[in-house]
Amino acid sequence: MLSTSIVAGIDAGPSPRTCCDGFGYKNLFGAYHPPVLSITDRFFFKTLREGWLRHGIIEIIKMAVVKDAELFRNLEAAGPALISSRFGTLDCEPESEISLLSQKILGGALRSYVAAEYGNLYETHQCRPHAYGHTWSPGFEIEAGLLHGHAVAIGMGFGAFLSQRLGWITEAECQRILALISSFGLSLWHDILLKKETLWSSQVKIFRSAARIWWLRCPRGRLANVAI
Ligand SMILES: NC(=O)c1ccc[n+]([C@@H]2O[C@H](COP(=O)([O-])OP(=O)(O)OC[C@H]3O[C@@H](n4cnc5c(N)ncnc54)[C@H](O)[C@@H]3O)[C@@H](O)[C@H]2O)c1
């Protein structure tokens with residue numbers, strides 16, 4: 001797998017899932033097909049359009065929030081310079097601070113993603129920290145016409161807000177997550193959140209999907225070749 005975008009480099013590339021959209025839903029069809037080798041080279045990011053680069057960063061923030069506090073601090077330290085310098089590849093000295101931080105950030109993102117994903121390669125259980133932000137977004141991403149990263153950002157912000165309301169995280173922690181997402185120009189709101197039917201059907205679908213994966217694996221005792 002030779003990944004040329006951020007999403008591919010740190011998420012979809014090393015991911016064991018291959019998916020495509022169908023009937024208006026995200027990633028409706030797919031198969032588990034882990035890569036034999038996945039190469040992430042930040043010098044590809046030099047030619048990525050800003051918007052494509054920006055939306056990929058959310059998958060890094062996702063891993064920072066759920067898995068890696070040092071990665072979170074590195075993202076805070078780098079800030080939007082990560083975008084303008086194209087991960088330290090544009091008009092930067094090799095030893096510049098942003099170049100070194102970019103390498104640390106990509107390394108941290110990959111390390112935490114692989115640790116989360118490869119302990120549960122075929123999704124035999126739903127304790128999947130890297131799915132943070134992907135609970136409701138598959139149900140509204142296409143309808144809202146959002147880029148994947150913005151839909152996930154909205155899902156992450158909403159998830160952080162609910163977690164704070166439930167007392168799982170403090171208000172300061174919630175604000176820190178929202179501020180980091182915002183600092184990279186990623187969305188935290190879309191009016192689609194006001195559409196009750198869409199949100200509720202996302203909720204029902206994700207529950208059904210989790211239950212179905214369990215049913216496919218456990219009672220039959222074998223792995224099924226379906227990503228739902
Ligand atoms: N299988 C999985 O587990 C998984 C995980 C996360 C995301 N995804 C999916 O991945 C998709 C997003 O991926 P993406 O952001 O990589 O989109 P993409 O591959 O469509 O690339 C975005 C655009 O950038 C261009 N591009 C790519 N690399 C470039 C480069 N180095 N220089 C210049 N242009 C370049 C592409 O031609 C395209 O126009 C979403 O549909 C998302 O749902 C899948």
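All figures in this text were calculated on a predicted structure; none of them were measured in a lab.

Student: Looking at this model, I keep getting lost on the overall build of the chain. Mind explaining?
Tutor: In terms of helices and strands, the chain carries nine helices and four strands. Shown N-terminal to C-terminal, the secondary structure of the chain runs as helices and strands in the order β-α-β-β-β-α-α-α-α-α-α-α-α. Computed over the C-alpha atoms, the radius of gyration of the chain is 18 Å, within 12% of the 17 Å expected from 2.2 N^0.38 for a compact globule of 228 residues. C-alpha atoms of the chain, sized along the principal axes, occupy 55 × 40 × 30 Å.

Student: Help me understand the nonpolar core, please; the structure alone is not making it clear to me.
Tutor: The tendency in soluble globular proteins is for nonpolar side chains to be buried side by side. Core analysis: the largest hydrophobic core is formed by 40 residues, its most contacted members being Ile60, Ile61, Ala64, Leu75, Ile105, Ala109 and Ile181. Broken down by secondary-structure element, the contributors of at least two residues to this core are helix H1 (6-12), helix H2 (50-67), helix H3 (69-78), helix H4 (81-84), helix H5 (97-117), helix H7 (148-165) and helix H8 (171-183). Of all the elements, H2 adds the most residues to this core, at eight residues.

Student: Just checking my understanding: could you explain the environment of Ser183 for this structure?
Tutor: Tracing the sequence through the fold places Ser183 in helix H8. Put simply, Ser183 and Thr198 are 15 residues apart on the chain and 28 Å apart in space, counted from C-alpha to C-alpha.

Student: Would you mind going over the site of the ligand with me for this structure?
Tutor: Close to the ligand lie 17 residues; Thr4, Ser5, Ala12, Ser15 and Thr47 are nearest. The greatest single-element share of the shell around the ligand, amounting to four residues, is contributed by H1. The residue inventory of the shell around the ligand, partitioned by class, reads seven nonpolar, seven polar and three charged.

Student: Would you explain the pairing of strand S3 (residues 25-32) in this entry?
Tutor: Each regular strand carries side chains that alternate between the two faces of the sheet. Of the strand pairs in this sheet, strand S2 (residues 17-22) and S3 are connected by five bridges, and their pairing is antiparallel. What sits directly across from Thr18, in S3, is Ala31. Hairpin connection between S2 and S3: a loop of two residues separates the two successive antiparallel strands, and Phe23 in this loop has a positive phi of roughly 50 degrees.

Student: Would you mind going over the environment of Ser15 with me for this structure?
Tutor: Topologically, Ser15 is positioned in the loop between H1 and S2. For Ser15, a count of 23 C-beta atoms within 10 Å translates into the label buried.

Student: Would you take a moment to explain the packing of H2 against H5 for this structure?
Tutor: As a packed pair, H2 and H5 sit with axes 9 Å apart at the nearest point and diverge in direction by 65 degrees. The element H2 and its partner H5 pack so that their crossing is left-handed. Seen from H2, the contacting residues are Ile60, Met63 and Lys67; seen from H5, they are Ile105, Ala109, Ser112, Tyr113 and Ala116. Considered class by class, the residues forming the contact of H2 with H5 number six nonpolar, one polar and one charged.

Student: Explain H5 here, please?
Tutor: The periodicity of an α-helix, 3.6 residues per turn, causes residues three or four places apart in sequence to face the same way. In a regular helix each residue adds 1.5 Å, so 21 residues correspond to 30 Å; H5 covers 30 Å between its end C-alpha atoms and thus fits that length. Regarding H5, the residues found buried are Ile98, Leu101, Ser102, Ile105, Leu106, Gly108, Ala109, Ser112, Tyr113 and Glu117. Buried residues of H5, viewed axially, fall in a sector of 165 degrees; they line one side. Structurally, H5 contributes buried residues whose contacts are with H1, strand S4 (39-40), H2, H3 and H4.

Student: Would you explain the packing of H3 against H5 in this entry?
Tutor: Packed helix pairs are specified by the crossing angle of their axes together with the interaxial distance, meaning the distance between the axes. At a minimum axis separation of 10 Å, H3 and H5 run at an interaxial angle of 150 degrees. Put simply, H3 runs roughly antiparallel to H5. Handedness of the H3/H5 crossing: left-handed. Each of Glu70, Leu71, Asn74, Leu75, Ala77 and Ala78 in H3 lies in contact with H5, whose residues at this interface are Ile98, Leu101, Ser102, Lys104, Ile105, Gly108, Ala109 and Ser112. Across the contact of H3 with H5, the residue classes tally to eight nonpolar, four polar and two charged.

Student: For this particular structure, what's the right way to read H3?
Tutor: Regarding H3, the residues found buried are Leu71, Phe72, Asn74, Leu75 and Ala78. Angular distribution of buried residues about the axis of H3 spans 165 degrees; they occupy a single face of the element. Across H3 from its buried face, at more than 90 degrees, point the exposed residues Ala69, Glu70 and Arg73. For H3, the elements touching its buried residues are H2, H4, H5 and H8.

Conventions adopted
The written sequence of each chain sets the order in which its residues are numbered from 1. Since the coordinates come from a predicted model, pLDDT governs what is reported: local features require at least 70, and pairs of side-chain atoms require 80 or more to be given and counted, while whole-chain, interface and lining totals use all residues. Each helix is a run of H or I in the DSSP string that is no shorter than four residues. Each strand is a run of E no shorter than two, and both are numbered from the N terminus. When we talk radius of gyration, it's over C-alpha atoms, and the globule rule is simply 2.2 Å times the number of residues to the 0.38. Residues of type Ala, Val, Leu, Ile, Met, Phe, Trp, Tyr and Cys that are buried and joined through C-beta atoms within 7 Å form what is called a nonpolar core. Working definition of burial: number of other C-beta atoms within 10 Å of the residue's own, with buried at 20 or more, exposed at 12 or fewer, and partly exposed in between, all C-beta atoms being placed from the backbone. Here is the check we use: build the C-beta atom from the backbone, and if it is within 6 Å of the molecule or strand, call the residue near. Charged residues are taken to be Asp, Glu, Lys and Arg, nonpolar residues to be Ala, Val, Leu, Ile, Met, Phe, Trp, Tyr, Cys and Pro, and polar residues to be all remaining types, Gly included. The pairing criterion for strands is at least two bridges between them, as found by DSSP. Axis definition: a line fitted to C-alpha atoms, over the contacting stretch in the case of helices. Angles run 0 to 180 degrees between N-to-C directions. It is the rotation of the near helix from the far one that decides the hand of a crossing: anticlockwise by less than a right angle makes it left-handed, clockwise makes it right-handed. Whether two residues are in contact depends on their C-beta atoms, placed from the backbone: they are in contact if these lie within 7 Å. Expected span, for any helix, means 1.5 Å times one less than how many residues it has. The arc in question is formed by the directions pointing from the helix axis toward the C-beta atoms. Roughly parallel means an angle under 35 degrees; roughly antiparallel means over 145; roughly perpendicular covers 65 to 115; every other angle is labelled oblique.

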